[in-house]
Amino acid sequence: MATVLRTYEPQFWDRFYLPALVQGLMITFSRIFVRKETIQYPERKHVPLEGYRGLHRLNKHPGGRIKCVACEMCATTCPSKAITIEPSAATWDEGAERYPVKFEIDLLRCIFCGFCEIACPEDAIQLTEIYDFSSYSRENLIIDKEGLLKVYDVTSKGNVYQRQNRGEKVEIPISL
Ligand code: SF4
Ligand code: SF4
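Here we summarise the structure given alongside this text.

Rules and cut-offs
- Residues numbered from 1 in each chain as written.
- Chains lettered and ligands numbered in written order.
- Predicted model: local features only at pLDDT ≥ 70, side-chain atom pairs only at ≥ 80, totals over all residues.
- Heavy atoms only, no water.
- Helix = DSSP H or I, 4+ residues; strand = E, 2+ residues; numbered from the N terminus.
- Rg over C-alpha atoms; globule rule 2.2 N^0.38 Å.
- Buried < 20%, exposed > 50% of the residue type's maximum accessible area, 1.4 Å probe, protein only.
- Contact = heavy atoms within 4.5 Å.
- Areas by Shrake-Rupley, 256 points an atom, 1.4 Å probe, with all protein chains shown as cover.
- Lys, Arg positive; Asp, Glu negative; His and termini not counted.
- Charge placed at Lys NZ, Arg CZ, Asp CG, Glu CD.
- Near = heavy atom within 4 Å.
- Nonpolar A, V, L, I, M, F, W, Y, C, P; charged D, E, K, R; others polar.
- Salt bridge = Lys/Arg side-chain N within 4 Å of Asp/Glu carboxyl O.
- 1 Å grid on protein atoms, 1.4 Å probe; cavity = no way out; pocket = protein on both sides within 12 Å on 5 of 7 lines; lining within 4 Å.
- Points joined across faces, edges and corners; volume = space filled by probe spheres on them.
- Pairing = 2+ DSSP bridges.
- Axes fitted to C-alpha atoms, helices over the stretch in contact; angles between N-to-C directions.

Of regular secondary structure, the protein possesses five helices and five strands. Element order for the protein, N to C, with α for helix and β for strand: α-β-α-β-β-α-β-β-α-α. Here the C-alpha radius of gyration of the protein, 24 Å, is well above what a compact globule of 176 residues would show, namely 16 Å. Based on the C-alpha atoms only, the size of the protein along its principal axes is roughly 85 × 50 × 30 Å. The buried share of the protein, taken over its 176 residues, is 36%. Put simply, of all contacts in the protein between residues at least 6 apart along the chain, 67% involve residues at least 24 apart. As displayed, the protein offers around 12600 Å² of accessible surface, 55% of which is attributable to carbon and sulfur atoms. Here the protein contributes 23 positive and 23 negative side-chain charges, whose respective centroids are spaced 6 Å apart.

Attention now moves to the site of ligand 2. Lining the immediate environment of ligand 2, one finds 14 residues, of which C68, C71, E72, C74 and C120 sit closest. Looking at the shell around ligand 2 residue by residue, the class counts come to twelve nonpolar, no polar and two charged.

Tallied over the full model, the rule gives seven salt bridges. Here E37 and R35 are joined by a salt bridge, their closest N and O atoms 3.7 Å apart. Of the two residues examined, E37 and R35, each falls in the exposed class. In this structure, R163 engages E168 in a salt bridge whose closest nitrogen and oxygen atoms are separated by 3.2 Å.

There is about 240 Å³ of room inside the largest pocket. As for the largest pocket, its lining consists of 14 residues, and the residues nearest its centre are E50, G51, T128, E129 and N159. Taken together, the residues that form the lining of the largest pocket break down as five nonpolar, six polar and three charged.

Strand order across the open sheet formed by three strands is β2-β3-β5, with antiparallel pairing between neighbours. Two strands close off the open sheet at either side, each with one partner strand: β2 (83–89) and β5 (142–143). Pairing geometry for β2 and strand β3 (residues 98–106), over seven bridges, is antiparallel. Pairing of S88 across the sheet is with Y99, part of β3. Helix α4 (residues 145–155) rests against β3 and β5 of the sheet, and its axis sits at about 90° to β3.

This is how it looks when you write it as structure tokens:
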């Protein structure tokens, strides 16, 4: 079906401007008593919905050992080729034969699609609620294994932003 485009032709009342002004003010006043969505960031933090895909973390077993077995499924699945893993033989014998000596994610390449999390057979990599991370340098935006494990430590105690809004001091890895 053809789309008909018409140019704007002012009507009789449009030439007085006043009706349009009143109409605009009515919309403004109608919003006065509606609950405000504005958040005074950074004093208050927006709490994203569950399932938000933010900064990654590498999960740990209850004993503190890294869950990742360096199978490289996440790196293979990653559409942005943002993950670099260097595997090595595990020195412990509790099932896992390998672990990552090096695990890096280039956050400037990452598109936060979550494919790495879906592909992981060990529930070892997870995207968290953290959205306000930044740096002035590109190097700082390549997060390494220690950084990813630190994100686990920070996020495993509960939603970071809910805790910050309650007044708890929570340091977010990779922040200015
Ligand atoms: S979220 Fe997507 S783009 Fe980012 S590291 Fe995971 S798979 Fe790659
Ligand atoms: S995070 Fe998961 S998918 Fe990626 S290497 Fe480790 S175990 Fe494999």
